[in-house]
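Working through the structure, step by step
Okay, here's what each chain looks like letter by letter:
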Amino acid sequence: MLLSQNSIRIYACISQPLICFWNASADQLDEVCNAYTSLWSSVSSEAQARDIYDSLVAIALTDDKPFPISWLASELHFEAFAATTNDRQWAALMELEHGSKAVTDTELDIYNERISREL
């Protein structure tokens, strides 16, 4: 099946936790679905993309992330970038160096979380 043939099914599957846990808006659903599509096109299979997505949702819930939907979309994009480069540490470093003008403790925490996260 092509990515476009699965879009409706995928949208329904990944939207459910966003709506149930965080009462996501239509714009937030679109943001996460776009990030998920990016991830799916960067990994070897739909199953792998879904496993990463499910793991990130679990992390957001367990760690009680502030603004969990935005965090999820950001991390899906990062995971897509890491999969594309095939070098998680380098991808995290590039995100850190080019993500903002000044590196803060928050950005360093995100960097450390990303390189130590095993999905």
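So, here is what we can say about the structure in this document. Keep in mind the model is a prediction, meaning the values are calculated, not measured.

Quick notes on the rules
Residues numbered from 1 in each chain as written. Predicted model: local features only at pLDDT ≥ 70, side-chain atom pairs only at ≥ 80, totals over all residues. Heavy atoms only, no water. Helix = DSSP H or I, 4+ residues; strand = E, 2+ residues; numbered from the N terminus. Rg over C-alpha atoms; globule rule 2.2 N^0.38 Å. Buried < 20%, exposed > 50% of the residue type's maximum accessible area, 1.4 Å probe, protein only. Contact = heavy atoms within 4.5 Å. Expected span 1.5 Å × (residues − 1). Salt bridge = Lys/Arg side-chain N within 4 Å of Asp/Glu carboxyl O. Phe/Tyr/Trp six-rings, centres within 6.5 Å; stacked < 30°, edge-to-face > 60°.

A word on the overall build of the protein chain
When its secondary structure is counted, the protein chain shows six helices and zero strands. Shown N-terminal to C-terminal, the secondary structure of the protein chain runs as helices and strands in the order α-α-α-α-α-α. The C-alpha radius of gyration computed for the protein chain amounts to 14 Å, which stays within 12% of the reference 14 Å derived for 119 residues, consistent with globular compactness. Principal axes of the C-alpha set define a box for the protein chain whose edges measure 40 × 30 × 25 Å. Here the protein chain holds 119 residues, and the buried ones make up 35% of them.

Re the side chain of Lys65
Mapped onto the fold, Lys65 is located in the loop between α3 (46-62) and α4 (68-85). With relative accessibility at 16%, the residue Lys65 sits in the buried group. The contacts of Lys65, once residues within four sequence positions are left out, are Ile59, Ala60, Trp71 and Glu113.

A few points about the environment of Pro17
You can see Pro17 is positioned in helix α1 (residues 7-22). In this view, Pro17 contacts Trp22, Tyr53 and Val57; residues no more than four positions away in its chain are not counted.

Some remarks on helix α5 (residues 88-99)
In a regular helix each residue adds 1.5 Å, so twelve residues correspond to 16 Å; α5 covers 16 Å between its end C-alpha atoms and thus fits that length. When we look at burial in α5, the residues that qualify are Ala91, Ala92, Met94 and Leu96.

Details of the pattern of salt bridges
This structure, assessed with the given rule, holds eight salt bridges. In this structure, Asp54 and Arg50 form a salt bridge, with 2.9 Å as the shortest nitrogen-oxygen distance. You can see Asp54 and its partner Arg50 sitting in helix α3, four residues apart, about one turn around the helix. Note that Glu95 is salt-bridged to Arg114, the shortest N-O span being 3.7 Å. With Glu95 in helix α5 and Arg114 in helix α6 (residues 105-116), the pair connects residues that are 19 residues apart, well separated along the chain. For Glu95, a relative accessible area of 32% translates into the label partly exposed. Through salt bridges that share partners, Lys65, Glu75, Glu79, Arg88, Glu95, Glu113, Arg114 and Arg117 make up one connected network.

Description of unusual backbone geometry
Even without being a glycine, Asp64 presents a positive backbone phi close to 50 degrees. Inspection of the secondary structure puts Asp64 in the loop between α3 and α4.

Overview of the packing of aromatic side chains
Scanning the model with the defined rule gives four aromatic pairs in all. For the pair Tyr36 and Tyr53, a centre-to-centre distance of 5.6 Å together with 90 degrees between the ring planes defines the contact as edge-to-face. Of the two residues, Tyr36 sits in helix α2 (residues 26-42) while Tyr53 sits in helix α3, which places them 17 residues apart along the sequence. Residues Tyr36 and Tyr53 agree in their burial class; the two are buried. The rings of Tyr36, Trp40 and Tyr53 are connected pair by pair, giving a single aromatic cluster.

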